[in-house]
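# Overview (structure and organization)
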Amino acid sequence: MIIGVYGTIGAGKTTISNSIKKLKFKVINADKISKEILNSRDIQKQLKNAFPNAFVNDVLDRSKLRKIISENENSLNKLNSIVWPEIKNQISLIIQTNAGNIVIDAALLPELNLEVDKYIRVKANLLTTLWRVKKRDKKPFKETYLIYKQQNKELKI
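Residues numbered from 1 in each chain as written. Predicted model: local features only at pLDDT ≥ 70, side-chain atom pairs only at ≥ 80, totals over all residues. Heavy atoms only, no water.

## Topic: the overall build of the chain
The line we're drawing: Think of it this way: any DSSP run of H or I at least four residues long counts as a helix, any run of E at least two long counts as a strand, and we number them from the N terminus. Atoms counted for the radius of gyration: C-alpha only. Globule rule: 2.2 Å times residue count to the power 0.38. Remark: exposure states derive from per-residue accessible area (1.4 Å probe, protein chains only) relative to the maximum for the residue type, with buried under 20%, exposed over 50%, and partly exposed in between. Should any heavy atoms of two residues lie within 4.5 Å, those residues are considered in contact. Charge counting treats Lys and Arg as positive and Asp and Glu as negative, with His and both chain ends excluded. Lys charges are placed at NZ, Arg charges at CZ, Asp charges at CG and Glu charges at CD.
Secondary structure assignment for the chain yields seven helices and six strands. Put simply, the chain runs from its N terminus to its C terminus through helices and strands in the order β-α-β-α-α-β-β-α-α-β-β-α-α. For the chain, whose C-alpha radius of gyration is 16 Å, the value lies close to the compact-globule estimate of 15 Å for 157 residues. Once the C-alpha set of the chain is aligned to its principal axes, its extents read approximately 45 × 35 × 25 Å. Looking at the chain as a whole, 45% of its 157 residues are labelled buried. Residue pairs in contact within the chain that sit at least 24 positions apart in sequence constitute 72% of those at least 6 positions apart. Computed over 29 positive and 15 negative side-chain charges, the inter-centroid distance for the chain is 6 Å.

See below:
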């Protein structure tokens, strides 16, 4: 069985996924995969072409990239078009090479169009989200709010 857990930043996806993990599910975390993908040379090259201001001395500054995408929906769409196909490929590969039950933790999971048996949408009110992310990531409220707003707009299921 494949369960997909999705929702906006700070909603509690990882908490839910870790609870399901206790039922002998393998957890696939799209955030961890995306961090690995951002280090690949091919992705770095595409990102440098798309977001030259996010690089300092040829090194991707993730906080600058986050700021760029949080302030501009077109930038977010551009980033998603570069990164999400590779995230989908990596998740598909993990699914194919692991028998048994799997839970996928990804903010915009329905957008990946993977074969998932059951979706669970995790929600939290805005204030809770802002405080969780501030505590966890030390992100400014404004940046978190803009990401939250963009992700909420994208979620269709």
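Having put the structure on the table, let's press on.
## Topic: the sheet that holds strand β1 (residues 2-6)
As a reminder, the rule being used: One requirement defines pairing of two strands: DSSP has to find at least two bridges between them. Axis geometry follows a simple rule: fit a line to the C-alpha atoms, using only the stretch in contact for helices, then measure angles between N-to-C directions, giving values from 0 to 180 degrees.
Within the open sheet, the four strands sit side by side as β2-β5-β1-β6. Their pairing is parallel. A strand with exactly one partner marks an edge of an open sheet, and here the two such strands are β2 (26-29) and β6 (118-121). Across the sheet, the mean angle separating the axes of adjacent strands is 20 degrees when strand polarity is ignored. Sheet topology places β2 next to strand β5 (residues 102-105); four bridges connect them, and they run parallel.

## Some words on the layout of surface pockets
The method is simple in principle: a probe with the dimensions of a water molecule rolls over the atoms, and the space it marks as empty is what remains. Basically, it comes down to this: Whether a set of points on the 1 Å grid over the protein atoms alone is a cavity depends on a 1.4 Å probe fitting there but being unable to get out, while an open set qualifies as a pocket with protein on both sides within 12 Å along at least five of seven lines; lining residues are those with an atom within 4 Å of a point. Grid points are joined across faces, edges and corners, and a volume is the space filled by probe spheres set on the points.
Volume-wise, the largest pocket comes out at about 1,100 Å³. Looking at the largest pocket, it is lined by 33 residues, and the ones nearest its centre are Ile-9, Asp-31, Ser-34, Lys-139 and Gln-151. Only α1 (13-21), α2 (30-37), α4 (62-71), α5 (73-96), α6 (126-137) and α7 (141-154) provide two or more residues apiece to the lining of the largest pocket. In terms of residue count, the dominant contributor to the lining of the largest pocket is α5 (six residues).

## Quick notes on the nonpolar core
To be explicit about the condition: Here, the term nonpolar core denotes a set of buried Ala, Val, Leu, Ile, Met, Phe, Trp, Tyr and Cys residues that are joined through side-chain atoms within 4.5 Å.
Ranked by size, the top nonpolar core spans 34 residues in total, and within it Leu-47, Phe-51, Val-83, Ile-87, Ile-91 and Ile-104 carry the most contacts. Examining the composition of this core, we find that eight residues originate from one element, α5, more than from any other. Within the second largest apolar cluster, seven residues are counted, among which are Ala-11, Phe-25, Val-103 and Val-122.

## Thoughts on the side chain of Asn-29
To keep it simple, the criterion reads: For this analysis, a polar contact is any N or O atom pair within 3.5 Å, provided that within protein one partner can donate a hydrogen and the other can accept it, and provided that sequence-adjacent residues contribute only side-chain to side-chain pairs.
Relative to the assigned elements, Asn-29 resides in strand β2. Since its relative accessible area comes to 14%, Asn-29 is described here as buried. Here Asp-31 takes part through its backbone nitrogen, which lies 2.8 Å from a polar atom of the side chain of Asn-29.

## A word on the confidence of the model for the chain
Counted only if it meets this: Scored from 0 to 100, pLDDT records how confident the predictor is in each individual residue.
Predicted confidence across the chain gives a mean pLDDT of 90, with 99% of residues reaching 70 or more. Confidence, expressed as mean pLDDT per element, reaches its minimum in the chain at α7 with 81 and its maximum at β5 with 97.

## Observations regarding the packing of α4 against α7
Cut-off, in case you're wondering: Oblique is the label for every angle not falling under 35 degrees (roughly parallel), over 145 degrees (roughly antiparallel), or within 65 to 115 degrees (roughly perpendicular). For any helix crossing, the convention is left-handed if the near helix is rotated counterclockwise from the far helix by under a right angle, and right-handed if that rotation is clockwise. Residues are grouped as follows: Ala, Val, Leu, Ile, Met, Phe, Trp, Tyr, Cys and Pro are nonpolar; Asp, Glu, Lys and Arg are charged; every other residue, Gly included, is polar.
Following both chains from N to C, one finds α4 and α7 inclined at 55 degrees, their axes separated by 8 Å at the closest point. As far as their axial angle goes, α7 and α4 are oblique. Of the two elements, α4 crosses α7, and the hand of that crossing is left-handed. Across from Arg-66, Ile-69, Ser-70 and Glu-71 in α4, the residues of α7 making contact are Glu-143, Leu-146, Ile-147 and Gln-150. Here the residues of the contact of α4 with α7 are counted per class, giving three nonpolar, two polar and three charged.

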